[in-house]
Amino acid sequence: MIIVKLGGSVITKKAIPLTINRKAITQLATTLKESRLPLIIVHGAGSFGHYNAGRFRIDSGGEISNPEGIATTRESMLRLNLSLTKILQEFGLNIYSFPPIALYRDGKLEHHANKVIKEIMRINLIPLTYGDVMLGQKGFRILSGDVIVRDLALLLRPERIIFASDVDGISQEPRKKTPILNELDQGMMPKLSFSKVRNDVTGGMENKVLEAMRIAGHGIDVFFTNGLKGDQLMKALRGEKDGGTVIRGFNHEN
Ligand code: IPE
């Protein structure tokens, strides 16, 4: 099994509030279908959830108690989820979509999630969930799709993880347009710089790389690939070279 995170930067037009990137989703759907791989898909928020979370000043820091903010942000995520589900379905990907609260209790992935996901996949349905405003241990919080990916990875131990965004991978200094790294390891982390992103309440690429490093520390390979480029995404899905930047799985105890 392979877990794919479809970043908000691919499936939405980040600069235009509440607008999907239909062309990109169509392209993604084609590649995901062609891969014929057993997939779990998690999607991000882009100009839907991040836009509304920003508008109501909801951030990923602490407990959120603004009912209008929560309701509006969630409604926009449901809309994005429905649009994505529809297009994936049109391309023959049979999606079983659910909010992450179906798998969590007290902010932690329940063991029962293992069975739920496996049963969905057993009959060739594709589980699809997303970053959301969700009940944690103490009140409501933003749960990033990246965290869901990490939680699922540790529970289900997939073959590999793919983070698809709108860039070709990780570069050491994106502002200076240094080349994309083929491989990234822990030792290189302090040398990386990340460009600040607007309209992102969950920490942008820096947070993704940190989550990815945690996942890789459990022996699972993680790829950062360009979801807008079919060839590159296909290589990453198959675990081949030139699929973007890979963080090879390692054992963090060592
Ligand atoms: C954020 O999810 C969820 C909300 C803001 C409700 P992500 O952090 O996974 O979204 P992207 O991929 O960065 O857009």
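Let me begin by describing the structure that accompanies this report. (Residues numbered from 1 in each chain as written. Predicted model: local features only at pLDDT ≥ 70, side-chain atom pairs only at ≥ 80, totals over all residues. Heavy atoms only, no water.)

## Topic: the site of the ligand
Surveying the vicinity of the ligand reveals 19 residues, the closest of which are Lys-5, Ala-45, Gly-46, Gly-145 and Thr-202. Residue His-50 places a side-chain N or O atom 3.1 Å away from an oxygen atom belonging to the ligand. When the ligand sits alone it has 400 Å² of accessible area, and the protein chains cover 99% of it. Sorting the residues of the shell around the ligand by element identifies α3 (46-55) and α6 (145-156) as the ones contributing at least two each. Here the shell around the ligand gets 3 residues from one element, more than from any other, and that element is α3. Its residues placed into classes, the shell around the ligand shows 3 nonpolar, 11 polar and 5 charged. (Near = heavy atom within 4 Å. Polar contact = N/O pair within 3.5 Å; in protein donor to acceptor, adjacent residues only side chain to side chain. Areas by Shrake-Rupley, 256 points an atom, 1.4 Å probe, with all protein chains shown as cover. Helix = DSSP H or I, 4+ residues; strand = E, 2+ residues; numbered from the N terminus. Nonpolar A, V, L, I, M, F, W, Y, C, P; charged D, E, K, R; others polar.)

## So, the nonpolar core
Buried together is how nonpolar side chains tend to be arranged in soluble globular proteins. Membership of the largest hydrophobic core comes to 37 residues, with the highest contact counts inside it found for Leu-152, Ile-161 and Val-222. Those elements that provide at least two residues to this core are β2 (39-43), α5 (112-122), α6, β9 (160-165), α7 (204-216) and β10 (221-226). Here this core gets 6 residues from one element, more than from any other, and that element is α6. Non-local contacts of Leu-152, meaning those with residues more than four positions away in its chain, are made with Ile-3, Ile-40, Val-42, Leu-103, Leu-109, Ile-117 and Arg-157. (Core = buried A, V, L, I, M, F, W, Y, C linked by side-chain atoms within 4.5 Å. Buried < 20%, exposed > 50% of the residue type's maximum accessible area, 1.4 Å probe, protein only. Contact = heavy atoms within 4.5 Å.)

## Describing the packing of α3 against helix α4 (residues 67-90)
In a pair of packed helices, the angle between the axes and the distance between the axes together describe the arrangement. It is at 8 Å that the axes of α3 and α4 come closest, and there the two elements cross at 170°. Classified by the angle their axes make, α3 and α4 are roughly antiparallel. Along the contact surface, α3 presents Phe-48, Gly-49, Asn-52, Ala-53 and Arg-55, while α4 presents Thr-72, Thr-73, Ser-76, Met-77, Arg-79 and Leu-80. The residue inventory of the contact of α3 with α4, partitioned by class, reads 4 nonpolar, 5 polar and 2 charged. (Axes fitted to C-alpha atoms, helices over the stretch in contact; angles between N-to-C directions. Parallel < 35°, antiparallel > 145°, perpendicular 65-115°, else oblique.)

## Focus on unusual backbone geometry
Even without being glycine, Asp-106 reaches a positive phi, approximately 50°. Considering the arrangement of structural elements, one finds Asp-106 in the loop between β4 (104-105) and β5 (108-109). With relative accessibility at 48%, the residue Asp-106 sits in the partly exposed group.

## With respect to the pairing of strand β7 (residues 132-135)
Inspection of the sheet shows β7 paired to strand β8 (residues 140-143) by 4 bridges, in the antiparallel sense. Residue pairing for β8: Asp-132 is matched across the bridge by Leu-143. Here β7 folds back onto β8, and the loop between the two strands holds 4 residues, one of which, Gly-139, carries a positive phi near 70°. (Pairing = 2+ DSSP bridges.)

## What to know about the packing of aromatic side chains
Inspection of every chain in the model, using the stated rule, returns 2 aromatic pairs. Ring geometry for Tyr-96 and Phe-98: centres 6.3 Å apart, planes at 50°, overall tilted. You can call Tyr-96 partly exposed: its relative accessible area is 43%. The interplanar angle of 15° and the centroid separation of 5.3 Å between the aromatic rings of Phe-163 and Phe-224 together place this pair among those described as stacked. Here the residue Phe-163 occupies a position in strand β9, and Phe-224 occupies one in strand β10, the gap between them amounting to 61 residues. (Phe/Tyr/Trp six-rings, centres within 6.5 Å; stacked < 30°, edge-to-face > 60°.)

## Things to note about the packing of helix α2 (residues 22-35) against α4
Interhelical geometry of α2 versus α4 gives an angle of 45° and a closest axis separation of 9 Å. Judged on the interaxial angle alone, α4 and α2 are oblique. You can see that α2 and α4 cross each other, and the crossing is right-handed. Packed against α2, whose contacting residues are Arg-22, Ile-25, Thr-26, Ala-29 and Leu-32, the element α4 presents Leu-84, Ile-87 and Leu-88 at the interface. (Left-handed = near helix turned anticlockwise from the far one by under 90°.)

## Considerations on the sheet that holds β2
The mixed open sheet is built from 7 strands, whose spatial order is β3-β6-β2-β1-β9-β10-β11. Strand pairing shows two members of the sheet lacking a second neighbour, β3 (95-97) and β11 (245-247), which therefore form its edges. Shown here is a sheet whose adjacent strand axes are inclined to one another by a mean of 20°, direction ignored. Sheet analysis places β9 next to β10, joined by 6 bridges and oriented parallel. Residue pairing in the sheet places Ser-165 in a bridge with Asn-226 of β10.

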